[in-house]
Each structure stands twice: as C-alpha cells, then as structure tokens.
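Next come the chains, spelled out residue by residue.
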Amino acid sequence: MNTERIRVLIVDDDPIVRSSLATILQAQGSITVCGEGADGLEAVRRFEEMLPDILLMDIQMPLCTGLEAAELILSSHPEARIVFLTTFSDDEYIIRALRCGARGYLIKQEVAQITPALHAVIAGQMVLGGEVLAKVDALISPAHAPARAPGLSSLAGPLTTRESEIVELIAQGLDNKEIAARIYISEGTVRNHVSVILQKLQLKNRTQLAVYYYQNL
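Undergrad: Sorry, what's going on with the pairing of strand β4 (residues 82-86) here?
TA: Regular strands place side chains that alternate from one sheet face to the opposite one. Of all five residues in β4, five are buried; the element is thus mostly enclosed. Along β4, one buried face is formed by I82, F84 and T86 and the opposite face, lined by V83 and L85, is buried too. The sheet contact formed by strand β3 (residues 54-57) and β4 spans three bridges and is parallel. Bridged to M57 within β4 is F84. Assessed by its sense of winding, the connection that carries the chain from β4 through helix α4 (residues 91-100) to strand β5 (residues 104-107) is right-handed.

Undergrad: How do you make sense of α4 when you look at a structure like this?
TA: Buried within α4 we find Y93, I94, I95, A97, L98 and C100. Backbone geometry just downstream of α4 places G101 in the positive-phi region, at approximately 105 degrees.

Undergrad: Is there a simple way to think about the packing of helix α2 (residues 40-50) against helix α3 (residues 66-76) in this case?
TA: The angle between the axes and the distance between the axes are what describe a pair of packed helices. With their axes 8 Å apart at the nearest point, α2 and α3 run at an angle of 25 degrees to one another. Classed by the angle they form, the pair α2 and α3 counts as roughly parallel. Pair α2 / α3 crosses with right-handed handedness. Here α2 contributes G40, A43, V44, F47 and E48 to the contact with α3, which in turn contributes A69, L72, I73 and S76. Across the contact of α2 with α3, the residue classes tally to six nonpolar, two polar and one charged.

Undergrad: Any chance you could explain the packing of aromatic side chains here in plain terms?
TA: Remark: the centre distance and the inter-plane angle together describe each pair of aromatic rings, the angle taken between the planes. Within this structure, the stated rule accounts for one aromatic pair. On the basis of an interplanar angle of 55 degrees and a centroid distance of 6.3 Å, the ring pair of F84 and Y105 is categorised as tilted. Here Y105 lies in strand β5 and F84 lies in strand β4, a separation of 21 residues in the sequence. Relative accessible area serves as the criterion here: at 0%, F84 is assigned to the buried category.

Undergrad: Is there a simple way to explain the sheet that holds β5 in this structure?
TA: Two strands in a sheet stick together by hydrogen bonds in their backbones, pointing the same way (parallel) or opposite ways (antiparallel). With parallel pairing, six strands are arranged side by side in an open sheet as β2-β1-β3-β4-β5-β6. With one partner strand each, in any of the chains shown, β2 (31-37) and β6 (127-128) form the two edges of the open sheet. As judged from the two bridges shared by β5 and β6, these two strands associate in the parallel manner. Of the residues in β6, the one forming a bridge with Y105 is L128. Lying over the sheet, α3 contacts β3 and β4, oriented at roughly 175 degrees with respect to β4.

Undergrad: Please clarify how the nonpolar core should be interpreted in this entry.
TA: As a rule of thumb, nonpolar side chains are buried together in soluble globular proteins. Counting residues in each nonpolar core, the largest one holds 49 residues, and the members touching the most others are L55, M57, I82, F84, Y105, I179 and L209. Other than its neighbours up to four places away in sequence, I82 contacts L55, M57, A70, I73, L74, A102, R103 and G104. Within the second largest apolar cluster, 19 residues are counted, among which are L25, L85, A117 and A120.

Undergrad: Please explain the environment of G29 as it appears in this structure.
TA: Turning to its location among the elements, G29 is positioned in the loop between α1 (15-26) and β2. Looking at G29, the relative accessible area reads 37%, which means it is partly exposed. Along the chain, G29 and R5 lie 24 residues apart, while their C-alpha atoms are 7.6 Å from each other.

Undergrad: What exactly am I supposed to notice about the packing of helix α10 (residues 176-183) against helix α11 (residues 187-201) here?
TA: Closest axis-to-axis distance for the α10/α11 pair is 8 Å, and the angle between their directions is 110 degrees. Between α10 and α11, the interaxial angle falls into the category roughly perpendicular. From α10, N176, K177, I179 and A180 reach across to α11, where they touch E187, V190, R191 and V194. By residue class, the composition of the contact of α10 with α11 is four nonpolar, one polar and three charged.

What counts and how
Residues numbered from 1 in each chain as written. Predicted model: local features only at pLDDT ≥ 70, side-chain atom pairs only at ≥ 80, totals over all residues. Heavy atoms only, no water. Buried < 20%, exposed > 50% of the residue type's maximum accessible area, 1.4 Å probe, protein only. Helix = DSSP H or I, 4+ residues; strand = E, 2+ residues; numbered from the N terminus. Pairing = 2+ DSSP bridges. Right-handed = clockwise from strand over helix to strand, strands pointing away. Axes fitted to C-alpha atoms, helices over the stretch in contact; angles between N-to-C directions. Parallel < 35°, antiparallel > 145°, perpendicular 65-115°, else oblique. Left-handed = near helix turned anticlockwise from the far one by under 90°. Contact = heavy atoms within 4.5 Å. Nonpolar A, V, L, I, M, F, W, Y, C, P; charged D, E, K, R; others polar. Phe/Tyr/Trp six-rings, centres within 6.5 Å; stacked < 30°, edge-to-face > 60°. Core = buried A, V, L, I, M, F, W, Y, C linked by side-chain atoms within 4.5 Å.

Here is the structure:
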C-alpha cells in the first residue's frame, strides 16, 4: 500500500485561513502542507521551489490574483495540479479557471469536501464543489435536451457524435467507468475513444479535454 503523503502548497492572503487549512489537512494523515504563500506572485515562486503535488489557492489576492498565477504556472508546468479554494463562484471566474487548466474549483464553505477532493485530483479527476457544479450545469444547460450531445455544434469539427458525447461527459467530471455505464459501452471502448479524441484534438489529458469543451460551448 502506498503511504506517501500528498504534498500541498497553500496560498491565501488570509493567514488565519492558511493556518486553519493546514491544521485541517495535516490532521488527515495523508496530506503534508509543504509550504504557504500570501499572494499570486508568491504562489509562482514557491511552486517553482517546491513543485508540490497540489497547489491549493485562493483567487482574489493582492499583487497577482490566483487566476493570473495559475496561468503563469501552467504555461511552464502544464502538468501542475492547481485547485482553487475561494469564496467566489462567479461564472467568469469558474470559466477562466477551467480554461486555464485548473484541476478543481471549491468553495471555502464546503470544508468537508477539501480532503476527498485533493485525493480525487491526485487520482486524475477534475473536482468541482457542489455550488460550482450547479453553476456549470446552468452554463451548459440546455444540456438537458437529449439532442444536445449530438448537437455540440462548435465541437463537431473533427469529432464524431459519439466522441463529442464523451467529451461532454468528461467535462461533467465522469470517469471512464461512469461514462461506460451512462452510454452503454465497455470501459475499454471508452478508453479507446478518449485516446482517439486526444490525438484528434492534439491534447494531452482529460483536464485539457474539459477545458476544450468549455471553450467551445
């Protein structure tokens, strides 16, 4: 069994929030807070120094916002796992976070979600807090109409109807097993579709697929 702890860098301009988060996370036994920062510029610098497994960061901070910091970090480290933890669930923040390649967007009031969310990110999933997920659903709905997945007119390009449907489900946070159950195909077939989609779109991973989806709504 792998007992290696997840190394998390916390960046928030409120020292009380940083201290509280560090206490909560380290009490779990599976997470180590390897460092802290107070603004976006410090996030960039400390990320380079520490290369943490996850950067857990606020959005509104002095000198350089979390979104600006994320864009800088991901331009040099596209594999970086950045999770936003903020009090703001504005549509523009959510979309910009997804577009830049963040792996998660959580709301500070949803404290109980933080630790399982970090584990999910390490496992390769994208995580959205309940309030954020509801907003994303609103942003992509009329998705309740069955014709929407085949529609995805702006995604159509090089993708088949089935591939467009799979991209949409990935953007909703479903893993391969869940996608297979949803559209009644095998998990292996889903994996094959994902590989073909990534090649067609010249993307590297599922997070970039999700960002591609939201950019092309």
